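# Results of the structural survey
One-letter residues, chain by chain:
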Amino acid sequence: MKLNIAVLPGDGIGPEIIRVALDATQAVCDKFGHELHYEYGICGADAIDKVGNPYPEETHELCMRSDAVLFGAVGHPRFDNDPSAKVRPEQGLLAMRKRLGLYANIRPVTTFESLIHKSPLRADLVRGADFMCIRELTGGMYFGRPQGRSEDGNTAYDTCVYTREEITRIVTLAYEYAMKRRKKLTIVDKANVLATSRLWREVSKEIAPLYPEVETEFMFVDNAAMRMIQWPTAFDVMVTENMFGDILTDEGSVITGSMGLLPSASIGTHTSVFEPIHGSWPQAAGQNIANPLATILSAAMMFDYAFGLKEEAALIRRAVDASMDAYVRTQDIQADNRPAYSTSEVGQWILDYLSK
Ligand code: IPM
Ligand code: MG
């Protein structure tokens with residue numbers, strides 16, 4: 001098979017972790033006889049510095065003509081601490097999501113037995129947790145208009161907007177995933193307060209009868225935040241709107257021990273994007289200490305979701321598991337009194353495993 005991918009390293013630790021994930025991708029392609037073509041594109045703060053735009057037209061065209069996008073991270077403290085900055089790296093990410101039509105962000109939360117002790121929760125609570133958050137990614141408050149400030153600067157507003165069509169496609173997708181898993185869907189909203197949530201509920205109730213095998217559960221977002229830490233094993237597939245999903249997936253990511261482990265896929269109407277859910281961690285940039293596993297696992301999701309290459313994806317997941325079992329781990333997940341490995345050392349170990 002021919003794999004044409006766009007590689008967007010972005011900012012901070014992005015370039016280091018992407019290098020490792022790309023090497024792993026190449027190794028898997030070599031092993032299974034696939035032809036890998038990749039091309040780099042700029043985005044985020046890096047692209048602002050170079051061309052003044054966090055998602056330049058050229059990068060968009062590259063994404064559009066590729067079969068998949070492997071994405072690092074964007075963000076730089078220079079912008080976080082400057083509320084007056086006109087262009088921000090995150091705008092590039094949002095523009096990419098909107099322009100590629102990436103309406104569904106899929107973030108699996110899985111536990112790794114060897115890391116259970118790293119979880120802030122008791123082992124008996126997290127053991128066996130395995131659920132999937134499906135976050136709507138191109139609607140809600142992130143994109144609703146009007147957004148802004150009053151003329152005197154003393155009032156600010158964001159608008160949350162959802163249409164029936166937007167809700168239908170994401171909820172249907174969530175049911176499809178639930179059908180492939182344990183057939184339980186939790187629909188998270190705030191229908192006791194928000195009009196958009198009430199529309200979500202109304203539309204979801206129309207779709208539910210089409211999937212009689214799936215057990216549907218509605219949950220308010222505040223309750224969901226609580227239940228996720230009280231009883232993480234009770235979830236299978238969870239679907240929610242953009243902002244709730246942003247918050248809940250960060251919560252979900254630490255349940256398993258480290259944010260450095262969770263991959264994601266964003267899918268929609270054009271090319272799909274695969275990226276780790278952690279950010280650009282600028283303080284660690286260039287230090288060769290960041291955990292590359294979430295990005296490697298994102299590459300596994302790419303093989304699986306973008307190309308339907310399940311065996312290839314499974315091999316990458318086995319390599320990641322094996323590296324952890326062998327205690328070849330970066331500092332964030334290393335066991336006490338064992339030395340931490342660097343980003344590139346973990347990468348090399350995984351490369352050797354994949355090439356065996
Ligand atoms: C994420 C991030 C982004 C978001 C930021 C960087 C704009 O937090 O992908 O979850 O809020 O969607
Ligand atoms: Mg987030």
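Here's what I pulled together on the structure shown here. (Residues numbered from 1 in each chain as written. Chains lettered and ligands numbered in written order. Predicted model: local features only at pLDDT ≥ 70, side-chain atom pairs only at ≥ 80, totals over all residues. Heavy atoms only, no water.)

## Thoughts on the overall build of the protein chain
Summing up its helical and strand segments, the protein chain has 13 helices and twelve strands in all. For 356 residues, the compact-globule estimate of 2.2 N^0.38 gives 21 Å, and the C-alpha radius of gyration of the protein chain, at 20 Å, lies within 12% of that figure. With the C-alpha coordinates aligned to their principal axes, the bounding extent of the protein chain is approximately 55 × 50 × 45 Å. Taking all 356 residues of the protein chain together, 54% fall into the buried category. The contacts of the protein chain with a sequence gap of at least 6 include a subset with a gap of at least 24, amounting to 74%. (Helix = DSSP H or I, 4+ residues; strand = E, 2+ residues; numbered from the N terminus. Rg over C-alpha atoms; globule rule 2.2 N^0.38 Å. Buried < 20%, exposed > 50% of the residue type's maximum accessible area, 1.4 Å probe, protein only. Contact = heavy atoms within 4.5 Å.)

## Topic: the side chain of Asp304
Topologically, Asp304 is positioned in helix α11 (residues 293–307). Leave out the neighbours within four places in its chain, and Asp304 touches Leu309, Lys310, Ala313 and Arg317.

## Topic: the pattern of salt bridges
For the coordinates displayed, the defined rule picks out 19 salt bridges. Between Arg122 and Asp124 there is a salt bridge, and its shortest N-O distance comes to 3.0 Å. Each member of the pair Arg122 and Asp124 is classed as exposed. Across the pair Lys184 and Glu217 runs a salt bridge, and its minimum N-O distance is 3.8 Å. Of the two residues, Lys184 sits in strand β8 (residues 184–189) while Glu217 sits in strand β9 (residues 215–220), which places them 33 residues apart along the sequence. Owing to a relative accessible area of 17%, Glu217 belongs among the buried residues under this scheme. Counted as one network, the salt bridges with shared partners bring together Asp130, Arg181, Arg182 and Asp236. (Salt bridge = Lys/Arg side-chain N within 4 Å of Asp/Glu carboxyl O.)

## A short note on unusual backbone geometry
The omega angle of the peptide bond from Arg145 to Pro146 is 5°, so this bond is cis rather than trans. Structurally, Pro146 can be placed in the loop between β5 (130–136) and β6 (148–149). Although it is not a glycine, Trp281 adopts a positive phi angle of roughly 35°. Structurally, Trp281 is set in the loop between β12 (272–276) and α11. Positive phi, normally seen in glycine, also occurs at Asn288, with a value near 60°. Following the sequence through the fold, Asn288 ends up in the loop between β12 and α11. We classify Asn288 as partly exposed; its relative accessible area is 28%.

## Considerations on the side chain of His60
Along the polypeptide, His60 turns up in helix α3 (residues 57–65). Looking at His60, the relative accessible area reads 7%, which means it is buried. There is a polar contact of 2.8 Å between the side chain of His60 and the side chain of Tyr55. Among all residues touching His60, those that are not within four sequence positions of it are Tyr55, Arg99 and Leu100. (Polar contact = N/O pair within 3.5 Å; in protein donor to acceptor, adjacent residues only side chain to side chain.)

## Considerations on the packing of helix α12 (residues 310–325) against helix α13 (residues 343–355)
Between α12 and α13, whose axes approach to 9 Å, the crossing angle comes to 130°. By the angle class used here, α12 and α13 are oblique. Crossing of α12 over α13 shows right-handed handedness. Side by side, α12 and α13 meet where Leu315, Ile316, Arg318, Ala319, Val320, Ala322 and Ser323 of the first sit next to Trp349, Ile350, Tyr353 and Leu354 of the second. Grouping the amino acids of the contact of α12 with α13 by side-chain chemistry returns nine nonpolar, one polar and one charged. (Axes fitted to C-alpha atoms, helices over the stretch in contact; angles between N-to-C directions. Parallel < 35°, antiparallel > 145°, perpendicular 65-115°, else oblique. Left-handed = near helix turned anticlockwise from the far one by under 90°. Nonpolar A, V, L, I, M, F, W, Y, C, P; charged D, E, K, R; others polar.)

## Some words on the site of ligand 1
In the vicinity of ligand 1, the residues found are Glu90, Leu93, Arg97, Arg107, Arg135, Tyr142 and Asp246. Within the side chain of Arg107, an N or O atom sits 3.1 Å from an oxygen atom of ligand 1. Here Arg135 contributes a side-chain N or O atom positioned 2.8 Å from an oxygen atom of ligand 1. Contact with the protein chains hides 75% of the accessible area of ligand 1, taken as 320 Å² for the molecule alone. The greatest single-element share of the shell around ligand 1, amounting to three residues, is contributed by helix α5 (residues 89–99). The residue inventory of the shell around ligand 1, partitioned by class, reads two nonpolar, no polar and five charged. (Near = heavy atom within 4 Å. Areas by Shrake-Rupley, 256 points an atom, 1.4 Å probe, with all protein chains shown as cover.)

## Some points on the packing of aromatic side chains
One pass over the structure, following the stated rule, counts six aromatic pairs. Aromatic side chains Tyr162 and Trp200 sit 5.4 Å apart centroid to centroid with 85° between the ring planes, which places their arrangement in the edge-to-face category. Highlighted residues: Tyr162 in the loop between β7 (156–157) and α7 (164–180) and Trp200 in helix α8 (residues 195–207), separated in sequence by 38 residues. Assigned by exposure class, Tyr162 and Trp200 land together as buried. Of note, Lys98 hangs over the ring of Phe143, and the distance from its end group to the ring centre comes to 4.7 Å. Its guanidinium or amino end placed over the ring of Phe218, Lys205 lies 5.3 Å from that ring's centre, counting from NZ or CZ. (Phe/Tyr/Trp six-rings, centres within 6.5 Å; stacked < 30°, edge-to-face > 60°. Lys NZ or Arg CZ within 6 Å of the ring centre and 35° of its normal.)

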